[in-house]
Amino acid sequence: MLIVCVEMALVEAELVGGLLACPSCREVLRPWGHARRRALRCRSGDRWLRPRRARCRGCAGTHVLLPDVCLVRRQDEVPVIGAAIAASVAGMGYRRIAGRLGVPADTVRGWLRRFVERAELLRAHFTRCAVALDPELGPVLPAGSGFADAVEVIAVAARAWVLRFGAADPWRTASRLSGGGLLATRAPAFPWA
Ligand SMILES: [Zn+2]
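Notes on the structure follow.

**Quick word on unusual backbone geometry**
- The phi dihedral of Ala-60 falls on the positive side, at around 65 degrees, and the residue is not glycine.
- Relative to the helices and strands, Ala-60 is located in the loop between strand S5 (52-56) and strand S6 (62-67).
- The phi dihedral of Arg-73 is positive, around 60 degrees, even though this residue is not glycine.
- On the basis of relative accessibility, which here comes to 77%, the residue Arg-73 falls in the exposed class.

**Points about the packing of aromatic side chains**
- One pass over the structure, following the stated rule, counts two aromatic pairs.
- Aromatic side chains Phe-115 and Phe-147 sit 5.4 Å apart centroid to centroid with 70 degrees between the ring planes, which places their arrangement in the edge-to-face category. Placement of Phe-115 in helix H4 (residues 105-117) and of Phe-147 in helix H6 (residues 146-165) is noted, with a sequence separation of 32 residues between them. In this structure, Phe-115 and Phe-147 share a single accessibility class: buried.
- Consider the rings of Trp-161 and Phe-165, whose centres lie 4.6 Å apart with planes at 55 degrees: the pair is tilted. With Trp-161 and Phe-165 both in helix H6 and four residues apart, the pair spans about one turn of that helix.
- Residue Phe-165 is classed as partly exposed on the basis of its relative accessible area of 48%.
- One Lys or Arg, Arg-37, reaches over the ring of Trp-48 and ends 4.3 Å from the middle of that ring.

**A few points about the coordination of the zinc ion**
- Around the zinc ion, the donor atoms from the protein are Cys-22 (SG), Cys-25 (SG), Cys-56 (SG) and Cys-59 (SG), and they sit 2.3 to 2.4 Å away.
- Seen from the zinc ion, its four donor atoms lie at angles of 96 to 121 degrees, and the figure they make is tetrahedral.
- Under the relative-accessibility criterion, Cys-59 is labelled partly exposed at 41%.

**Details of the pairing of S6**
- Among the six residues that make up S6, five are buried, leaving the element largely enclosed by the rest of the structure.
- In the sheet, S5 pairs with S6 via four bridges, with the strands oriented antiparallel. Within the sheet, the bridge partner assigned to Arg-55 lies in S6 and is Thr-62.

**Concerning the environment of Leu-141**
- One can find Leu-141 in the loop between helix H5 (119-133) and H6.
- Along the sequence, Leu-141 and Ala-98 sit 43 residues apart, while their C-alpha atoms lie 30 Å from each other.

**Examining the packing of helix H2 (residues 78-89) against H6**
- One way to put it is that H2 packs onto H6 with a least axis distance of 10 Å and a crossing angle of 130 degrees. Of the possible angle classes, the one that applies to H2 and H6 is oblique. As for how H2 packs across H6, the hand of that crossing is left-handed. Residues Ile-85, Ser-88 and Val-89 of H2 form the contact with H6, whose own contacting residues are Phe-147, Ala-148 and Val-151.
- When its residues are assigned to classes, the contact of H2 with H6 shows five nonpolar, one polar and no charged.

**Examining the nonpolar core**
- Core analysis: the biggest nonpolar cluster contains 35 residues, and Ile-85, Val-108, Trp-111, Phe-115, Phe-126 and Leu-182 have the highest contact counts within it.
- When contributions to this core are tallied by element, the ones reaching two or more residues are H2, helix H3 (94-101), H4, H5, H6 and helix H7 (170-177).
- Ranked by the residues each element gives to this core, the list is headed by H6, at nine residues.
- Phe-126 has contacts with Val-153, Ile-154, Ala-157, Ala-174, Leu-177, Ser-178 and Leu-182, leaving out every residue within four places of it along the chain.
- By size, the runner-up hydrophobic cluster in this structure holds nine residues, among which are Leu-2, Ala-54, Cys-56 and Leu-65.

Analysis parameters
- Residues numbered from 1 in each chain as written.
- Predicted model: local features only at pLDDT ≥ 70, side-chain atom pairs only at ≥ 80, totals over all residues.
- Heavy atoms only, no water.
- Helix = DSSP H or I, 4+ residues; strand = E, 2+ residues; numbered from the N terminus.
- Buried < 20%, exposed > 50% of the residue type's maximum accessible area, 1.4 Å probe, protein only.
- Phe/Tyr/Trp six-rings, centres within 6.5 Å; stacked < 30°, edge-to-face > 60°.
- Lys NZ or Arg CZ within 6 Å of the ring centre and 35° of its normal.
- Donors = N, O, S within 2.8 Å, 3.2 Å for Na, K, Ca; no water.
- Tetrahedral: all angles 85-135°; square planar, octahedral: opposite > 155°, others 65-115°.
- Pairing = 2+ DSSP bridges.
- Axes fitted to C-alpha atoms, helices over the stretch in contact; angles between N-to-C directions.
- Parallel < 35°, antiparallel > 145°, perpendicular 65-115°, else oblique.
- Left-handed = near helix turned anticlockwise from the far one by under 90°.
- Contact = heavy atoms within 4.5 Å.
- Nonpolar A, V, L, I, M, F, W, Y, C, P; charged D, E, K, R; others polar.
- Core = buried A, V, L, I, M, F, W, Y, C linked by side-chain atoms within 4.5 Å.

Don't take any of this as a statement about function, it's just geometry.
Shown next as structure tokens:
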């Protein structure tokens, strides 16, 4: 799995041009057909994606190039998931968040639970990302809870990304920086380390 920019034409150009690296061994990825079609629930309605598949020239592993609007094994686009997390840290209950976003309440509760479970891991991971993006970065001040600290440092890392690479949606950046694993069961695997 590799998280890429959502502009598929750009991804295609990067893939064909040999600019994408294997997340396992850093060798060059080559085009290798497509993954299965999947529906992504977006604010603007369902959107069908058919992600590109790539094969590594070095280790021969294959990887699905998942756009950065997605998170691994989540059906909703990441800006919606991020909006739910931001509303929760601001004190809103999950049922109200669900009503506002038009998403089932259990789904929102599941996102929030997983995020809280991973808060310390995410805080540590995004702190490393933020420092890698901006070595001059000062200390990130505690925001009052493990949950709030994780949200704060994700925002700091997203701002550092923008300063370095230009405008980008903060939650799509968070998807990229976590390898799509923001709400995954395993630790984020990102090649900053
Ligand atoms: Zn490889």
